[in-house]
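# Examining the three-dimensional arrangement
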Amino acid sequence: MAGLVTAVVLALAGTYVYIHFLAGPVPAPLALPKLNAAAAGTGSAPVSGTWTAGKGSLAGYRVREEFLGPGNIMVGRTSAVTGNVVIAHNDASSASFRVGLTTVTANGKTQPQLAKILDTASFPDATVTLTKPIAVGSGLVMNKTFTVKATGLLAMHGITRPVTFEVTARYSGSLLDASGSIPVLFSDWNIHAPQFLQNHGLLEFLLILRH
């Protein structure tokens, strides 16, 4: 019995030490990159057309743990983001993006516990698809940041559910950047978070789109 108690204490202590000391600093939320003044507004790509996610795009999760203390924020990121958005008449008429969950890392380290929680062997991707056009209107002004509300479907862990979230975007001529976060209640996607994690979190994204 004493050995069992010791093992449990050591396991709990190890988890606490990892979360609070070894997991590293918490990255800031994903947001639009600073506008390069030298390149601002110098591109020639038209607004209308298909914009594709490419180099610089990121996605991941942000969730709070509540383990033996005031808690800490756990963040994972991946650059395995693909997809596109179609702009027509200054509106986002359609959009669909895929995130490779098997490549998510935290502070550069793979997350086997995340792979187990999400069962990435069976469900390696998450997808977000726009279900209603976004009326941007006059928002697509060169180098101007604007915020719109998006409605879509989030498919994850074999379940697809509707989501609504805000997107902050900026058109700079050669690039169309967009960032935001999607609130997620994990149990809605039949994801069973460990007891030391909250049952809700954010799916963050930064899209660097090129024509």
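Rules behind the numbers
Residues numbered from 1 in each chain as written. Predicted model: local features only at pLDDT ≥ 70, side-chain atom pairs only at ≥ 80, totals over all residues. Heavy atoms only, no water. Core = buried A, V, L, I, M, F, W, Y, C linked by side-chain atoms within 4.5 Å. Buried < 20%, exposed > 50% of the residue type's maximum accessible area, 1.4 Å probe, protein only. Contact = heavy atoms within 4.5 Å. pLDDT = per-residue confidence, 0-100. Helix = DSSP H or I, 4+ residues; strand = E, 2+ residues; numbered from the N terminus.

## A word on the nonpolar core
Membership of the largest hydrophobic core comes to 45 residues, with the highest contact counts inside it found for Val-85, Ile-87, Leu-140, Met-156, Leu-176, Val-184 and Leu-209. Filtering out sequence-adjacent residues up to four positions away, Leu-140 remains in contact with Val-47, Ile-87, Asn-90, Phe-146, Tyr-171 and Leu-176.

## Digging into the confidence of the model for the chain
Averaged over all residues, the pLDDT of the chain is 86; the fraction at 70 or higher stands at 81%. Per-residue pLDDT, averaged within each element of the chain, yields its smallest value for helix H1 (residues 2–22) (43) and its largest for strand S8 (residues 125–130) (98). Note on residues 4–22: pLDDT under 50 across the span, and 18 contacts to partners over four residues away in sequence or across chains.

## Focus: the environment of Arg-161
The topology assignment puts Arg-161 in strand S10 (residues 159–171). As a C-alpha pair, Arg-161 and Val-128 span 33 residues in sequence and 9.8 Å in three-dimensional space. Setting aside residues up to four positions removed in sequence, Arg-161 forms contacts with Gly-152, Leu-153, Leu-154, Asp-188 and Trp-189.

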